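A look at the structure
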Amino acid sequence: MAEPAKGRADRGRPARGGGGLGGADRRRSWPRRGRQDHGSSRAGAAGARPTRPREQPGRADEGGSSRRRGRPGRSRLAAGAAGAGLAGSGGSRRYGALLGCLVVAVIIGVVVIFCHFRRRKYKIESSKKDIEVAEASVEYEELTCKQMSIKEIYNATENLRLSNIIGQGVAGKVYKGMLANGWSVAVKHIIKNEHAETFLREVTSLSHVRHPNLVSLRGYCDGQDECFLVYELCVNGNLSEWLFGKDKNLSWIQRLQIALGSACGLWFLHIYPEGCIVHRDIKPTNILLGVDMEPKLADFGLSRCMDIGVSHVSSEVRGTFGYVDPEYRHNHRVHAAGDVYSFGMVLLQLLSGKRAINIQNTTKPISLDKMASMLIREGNVLEFADPRLNGEYSEEAFDLSLKLALSCTGHKQQRPSMEQVVSRLEKALEISMGDDDKRNTISFVDSFA
Ligand SMILES: Nc1ncnc2c1ncn2[C@@H]1O[C@H](COP(=O)(O)OP(=O)(O)O)[C@@H](O)[C@H]1O
Ligand SMILES: [Mg+2]
């Protein structure tokens, strides 16, 4: 009868395996132990009932039946001893005893079947509860970012194995790895310098900021000369690889979906209840792609919390060349509109498949927004489209997205908010989906013609 309780404890273990995460274990243990106690007391209460009928009826019936059968049994022996002369009355007594046995056997059978179904029902109910508890634990773990030991980091990355390197950033190498609880992660290795402490503080302080379009921080490790940041792994790499990689390509719909998801992530940061969070480094290598190509914004190391609409003067210009708002470059005022500018540049790249800064016929580099404006002025809008799209896109949605991108890279006062960006991209996606459906219907009809 201890079986259901044992089942619960076993199933709880993998979730606790993330238990390398110290404090989470202690906190998690309360609801689980609470539920387990509750469960086992239930098991005791519910278990007592099936136990009794299962074991005791047997004994009770044996005793009972032997008691009840006692007399006929003895009579039968006596009848046997009395000889054949009493055969007629002995036969009817034997028939009565047989009937009695049959009745008792039927009763035992009914009780056993009843107990079996009760146990099954109880088991199903308790395993449903186990799943709920395990899910709650996973959700809880997913919401926490914990300090990890160097040993855990080395175990996860197979001692920082070279073949596990998936990226190289300014701060250091990025390794793929797996935590003891089975989670796939990306581990960023940062060699410590004088900025490392501030960087780590800034990053971990934002670890509670969670959204499906933001890469979540699972843990960190602060060693002596090095530190590690452990993120959820985005298996499809970064957007830059997809835009410029040789054997990768994105369809028009995928491009719009990536733009829309990224815009949602940024909108979420800008309206964060505790104060607007400015990303400050929106660029294709910081837009990572999950298993279904869903976009997730990475790197909040450069983020700063501030009141929405209020700008703050930063001592240094941060961000990546080509994506930094020219106004911010001049006045060092950090503002959400700076992210809108960078987003506009990324959107232009999604439309054109071109670099943020290009060298055209002239030797003078030209930024992508200037190139787009020039083509529009010349009436060559569609020349801007990425040739790798093979013309498979909605012209109306393309036009709408291009105008949106240019409004993002325009003067700060005229830039849309991320909320407006989201709604216009939704419109572009809706138009494109409609066009796609029409195209599919036509080709379907054509196939019958
Ligand atoms: N969570 C992650 N999942 C998958 N790949 C990642 C992740 N984090 C980083 N990377 C990869 O490592 C690369 C380097 O990351 P990073 O250090 O942030 O530098 P940067 O943003 O300058 O490229 C990224 O461009 C990306 O390809
Ligand atoms: Mg990055």
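Residues numbered from 1 in each chain as written. Chains lettered and ligands numbered in written order. Predicted model: local features only at pLDDT ≥ 70, side-chain atom pairs only at ≥ 80, totals over all residues.

To continue, consider the confidence of the model for the protein chain. Taken over all residues, the pLDDT of the protein chain has a mean of 76, while the share at 70 or more is 67%. Confidence, expressed as mean pLDDT per element, reaches its minimum in the protein chain at helix α1 (residues 3-17) with 32 and its maximum at strand β8 (residues 287-289) with 98. (pLDDT = per-residue confidence, 0-100. Helix = DSSP H or I, 4+ residues; strand = E, 2+ residues; numbered from the N terminus.)

Attention now goes to the environment of A428. Along the polypeptide, A428 turns up in helix α12 (residues 418-448). Given 22 C-beta atoms within 10 Å, A428 falls into the buried group. Discounting chain neighbours no more than four positions away, the residues touching A428 are L256, A397, L400 and S401. (Buried ≥ 20, exposed ≤ 12 C-beta atoms within 10 Å, placed from the backbone. Contact = placed C-beta atoms within 7 Å.)

This part is about the pairing of strand β6 (residues 226-232). Here β6 lies mainly inside the structure; five of its seven residues are buried. As defined by bridge partners, strand β4 (residues 184-191) adjoins β6 across seven bridges and the pair is classed as antiparallel. Each bridged residue has a counterpart across the sheet, and for I190 the counterpart in β6 is C227. Pairing analysis gives five bridges linking strand β5 (residues 217-222) to β6, with the strands arranged antiparallel. Residue pairing in the sheet places D222 in a bridge with C227 of β6. Linking β5 to β6, which pair antiparallel, is a turn of three residues. (Pairing = 2+ DSSP bridges.)

A few words now on the sheet that holds strand β2 (residues 165-168). The strand order β1-β5-β6-β4-β3-β2 describes an open sheet built from six strands, whose pairing is mixed. Among the strands making up the open sheet, the edge pair consists of β1 (146-147) and β2. Helix-sheet contacts for helix α5 (residues 196-205) involve β4, β5 and β6, and the interaxial angle to β5 is about 155 degrees. (Axes fitted to C-alpha atoms, helices over the stretch in contact; angles between N-to-C directions.)

Attention shifts here to the site of ligand 1. By nearness alone, 20 residues border ligand 1, and G167, G169, V174, A186 and T285 come closest of all. Contributing elements (two or more residues each) for the shell around ligand 1: β2 and β4. Broken down by element, the residue count for the shell around ligand 1 peaks at three residues, all from β2. In terms of residue class, the shell around ligand 1 is made up of 11 nonpolar, seven polar and two charged. Of the residues that make up the shell around ligand 1, three or more belong to each of domain 1 (146-232) and domain 2 (239-443). (Near = placed C-beta within 6 Å. Nonpolar A, V, L, I, M, F, W, Y, C, P; charged D, E, K, R; others polar. Domains from an automatic or database assignment.)

Here three bridges tie β2 to strand β3 (residues 173-178), and the two strands are oriented antiparallel to one another. In the strand pairing of β3, G167 is matched with V174. What sits between β2 and β3 in their antiparallel hairpin is a turn of four residues.

Bringing helix α7 (residues 252-270) into the picture now. If you check α7, its first and last C-alpha atoms are 27 Å apart, about what 19 residues at 1.5 Å a residue would give, namely 27 Å. With 15 of 19 residues buried, α7 lies mostly within the body of the structure. (Expected span 1.5 Å × (residues − 1).)

Inside soluble globular proteins, nonpolar side chains tend to come together where they are buried. Counting 75 residues, the largest nonpolar core has F228, A263, F343 and L347 as the members making the most contacts within it. Top contributing element to this core by residue count: helix α9 (residues 336-352), with 11 residues. When residues of this core are sorted by domain, at least three fall in each of domain 1 (146-232) and domain 2 (239-443). When neighbours within four sequence positions are excluded, F228 is seen to be in contact with I153, V187, K188, H189, I190, Y220 and C221. (Core = buried A, V, L, I, M, F, W, Y, C linked by C-beta atoms within 7 Å.)

Below, the discussion takes up the packing of α9 against helix α10 (residues 368-377). Relative orientation of the contacting elements α9 and α10 amounts to 60 degrees, with a least axis distance of 9 Å. Here α9 is positioned oblique relative to α10, judged by the angle of their axes. The handedness of the crossing between α9 and α10 is left-handed. Here α9 contributes G344, M345, L348, Q349 and S352 to the contact with α10, which in turn contributes L368, D369 and A372. (Parallel < 35°, antiparallel > 145°, perpendicular 65-115°, else oblique. Left-handed = near helix turned anticlockwise from the far one by under 90°.)

A positive phi angle is found at N159, which is not glycine, with a value near 55 degrees. One can find N159 in the loop between α4 (150-156) and β2. The exposure class of N159 is exposed, given the 9 C-beta atoms found within 10 Å. Within the chain, N390 stands out as a residue other than glycine whose phi angle is a positive 55 degrees.

Once that is clear, we can look at the environment of I271. Locating I271 in the fold gives a position in the loop between α7 and β7 (276-278). Residue I271 is classed as partly exposed on the basis of its C-beta count, with 15 C-beta atoms lying within 10 Å.

Attention now goes to the packing of α7 against α9. Packing of α7 against α9 brings their axes to within 11 Å, and their N-to-C directions diverge by 175 degrees. The orientation of α7 relative to α9 falls into the category roughly antiparallel. Along the contact surface, α7 presents R255, I258, A259, S262, A263, L266 and H270, while α9 presents A336, D339, F343, L347 and L350. Its residues assigned to classes, the contact of α7 with α9 shows eight nonpolar, two polar and two charged.

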